[in-house]
Amino acid sequence: MTQFDVDLFVIGGGSGGVRAARIAANYGAKVMIAEEYRIGGTCVIRGCVPKKLMVYASRFADEFHDAAGFGWTVGETSFDWATLIRNKDEEIDRLEGIYRANLERAGVETINSRAVIEDAHTIHILKTGARIRARYILVAVGAHPTLEPAIPGGELGITSNEVFHLETQPRRIMVVGGGYIAVEFAGVFAGLGSDVTLVHRGDKLLRGFDEDVRDALGEAYAQRGINLALKTTVTRLDKAADGIAATLSDGSVVTVDQVLVATGRRPNTKGLGLEKVGITVDEVGAIPVDTYSQTLIPSIYAVGDVTNRVNLTPIAIREGHAFADTVFGRKPTIVDHDLIPTAVFSTPEIGVIGCGEAAARQVYGDIDVYKTAFRPMKATRSGGSERVLMKLVVDKATDKVVGVHIMGHDAGELIQLAGIAVTMGATKADFDRTVAVHPTAAEELVTMRTPVVVKKPVAVG
Ligand SMILES: Cc1cc2nc3c(=O)[nH]c(=O)nc-3n(C[C@H](O)[C@H](O)[C@H](O)COP(=O)(O)OP(=O)(O)OC[C@H]3O[C@@H](n4cnc5c(N)ncnc54)[C@H](O)[C@@H]3O)c2cc1C
């Protein structure tokens, strides 16, 4: 009979891996987890958490400015980058400690090393050379940012990994990309007073989001003084006497102190030994899995960004949890990848659940759209130019709200709550009978009565 050292070996101590390890151990499994960098993974160490701390930092300038309209005199303000980075690092250290302690408390053995697959049940620990035999292997190795597309001088750019450790605040920064990470960092640096140029090859930011949201964010960013270079690419980077000279596809040259490339992420599957067991990754390097996160090899599962399904922390956590329930808890569990509430921590913030207008028209055909854009109450006295956008997309046949789109203060917090209603299948009538909370911006979500005229779906075929 084959002997195993452990019931489960998890490769990768990030959001998905840590959750799976802890839940499996709670079910009584003997579990080991290997992490080659820092426990907590991308989200805790160099993703969601440090980014959100920087977003908070970036918003104080607006607050100081707004205070004057309410009678406050704010003395001279100044910002110290080194303090922010030091305090951010302290918080990340604290969180990493909590993650480690939680694993230990659950009885999971943590190995600080890179680990690779040797066969369907064997893991090679690179630091010690040890071989561990595991009944099950969970691959939760996440993804890494890439400096793509390759351009001459591309190595002068940095990725989101390095941006958290810059020694000084770039006075002038170019952010390349139009996805949420690019948009968020552009907002952070603009808020901190850097001169920001956002270069994106598309004609609008945030591909895949509702068009009204994309337009509204573009306008808001332009108003905040971010130089938007849309339908533009960077063709080369060169060292210049006073920084980095970025040549753009329109022939212009912009000199900046840093170029942050946020154009994409790739699963960490290189050199992982997958080919030894016959697992073939897809064109971006992701591991194909079934609805239970099982690969073609029955003893090997994969969760989180390495599977490139929906690359968000709560999804990696759910997939890790579902894996443990399925394999060790005798509760086969599938993660629903539809209807995921999500936020973009741009300033202004964005919160979304469900379909955008165009997508809803394709899926449901006949839809009603309710939308409103207004100046938030606070801005009337502060003199701020910000706008709030709220939009509901309703399936006419069932009256169900199939999309909620919010841009404005605390949109991430709002969409978490609106998300409960939408997940429960709330109808527009349910929204309407919900009493407004006054005076709030969110009350608009339950007081919009008249749909805007939308074009009829175009018959296809
Ligand atoms: C800048 C940024 C901001 C983000 N903001 C948000 C946000 O606001 N909200 C949100 O939901 N998501 C956000 N994300 C995405 C989120 O961080 C990821 O979806 C999530 O961390 C994925 O979890 P995971 O477990 O799949 O992988 P990870 O958390 O990446 O964990 C994988 C771990 O495996 C380790 N590893 C890799 N290979 C090996 C190996 N061979 N041996 C041992 N260890 C290995 C890595 O070091 C890493 O620690 C953000 C990401 C980035 C980059």
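Before any of the text, the structure's been laid out above.
A. Molecular detail of the overall build of the chain. Summing up its helical and strand segments, the chain has 13 helices and 21 strands in all. The C-alpha atoms of the chain give 24 Å as radius of gyration, which agrees with the globular expectation for 461 residues (23 Å, within 12%). With the C-alpha coordinates aligned to their principal axes, the bounding extent of the chain is approximately 75 × 65 × 50 Å. When each of the 461 residues of the chain is scored for burial, the buried share is 48%. Partitioning the contacts of the chain with sequence separation of at least 6, the portion at a separation of at least 24 is 62%. Each charge class in the chain was averaged separately, 50 positive and 56 negative side chains, and the resulting centres sit 2 Å apart.

B. Structural context of the site of the ligand. The environment of the ligand is formed by 37 residues, the closest being Gly-16, Glu-35, Thr-42, Lys-51 and Asp-305. Contact between the ligand and Lys-51: an oxygen atom at 2.5 Å from a side-chain N or O atom of the residue. Within the complex, 95% of the 1,000 Å² of free accessible area of the ligand lies under protein. Elements with a contribution of two residues or more to the shell around the ligand: α1 (15–26), α2 (41–46), α3 (48–67), α6 (180–191) and α8 (313–328). Ranked by the residues each element gives to the shell around the ligand, the list is headed by α2, at four residues.

C. Representation of the packing of aromatic side chains. If you walk through the whole model with that rule in mind, you get seven aromatic pairs. Joined through ring pairs, the aromatic side chains of Tyr-136, Tyr-301, Phe-323 and Phe-328 make up one cluster. Lying across the ring of Tyr-370, Lys-428 places its NZ or CZ 4.2 Å from the centre.

D. Expanded view of unusual backbone geometry. Note that the residue after Glu-148, namely Pro-149, is joined by a cis bond; omega there is -10 degrees. Note on placement: Pro-149 falls in the loop between β7 (143–145) and α5 (160–163). Here the bond from His-438 into Pro-439 is cis, since omega is -5 degrees, no more than 30 degrees from zero. Looking at the element boundaries, Pro-439 is found in the loop between α12 (428–433) and α13 (444–447). Positive phi, normally seen in glycine, also occurs at Lys-231, with a value near 50 degrees.

E. Region of interest: the pairing of strand β1 (residues 6–11). Across the six residues of β1, five count as buried, placing the element largely inside the fold. Bridge analysis of β1 against strand β6 (residues 131–139) gives five bridges, and the strand direction is parallel. Pairing of Val-10 across the sheet is with Leu-138, part of β6. Here four bridges tie β1 to strand β2 (residues 31–34), and the two strands are oriented parallel to one another. Bridging across to β2, Leu-8 finds its partner in Val-31. In this fold, the crossover linking β1 to β2 by way of α1 has right-handed handedness.

Conventions used here
Residues numbered from 1 in each chain as written. Predicted model: local features only at pLDDT ≥ 70, side-chain atom pairs only at ≥ 80, totals over all residues. Heavy atoms only, no water. Helix = DSSP H or I, 4+ residues; strand = E, 2+ residues; numbered from the N terminus. Rg over C-alpha atoms; globule rule 2.2 N^0.38 Å. Buried < 20%, exposed > 50% of the residue type's maximum accessible area, 1.4 Å probe, protein only. Contact = heavy atoms within 4.5 Å. Lys, Arg positive; Asp, Glu negative; His and termini not counted. Charge placed at Lys NZ, Arg CZ, Asp CG, Glu CD. Near = heavy atom within 4 Å. Polar contact = N/O pair within 3.5 Å; in protein donor to acceptor, adjacent residues only side chain to side chain. Areas by Shrake-Rupley, 256 points an atom, 1.4 Å probe, with all protein chains shown as cover. Phe/Tyr/Trp six-rings, centres within 6.5 Å; stacked < 30°, edge-to-face > 60°. Lys NZ or Arg CZ within 6 Å of the ring centre and 35° of its normal. Pairing = 2+ DSSP bridges. Right-handed = clockwise from strand over helix to strand, strands pointing away.

In short, the description is geometric, and any link to function would need to be established separately.
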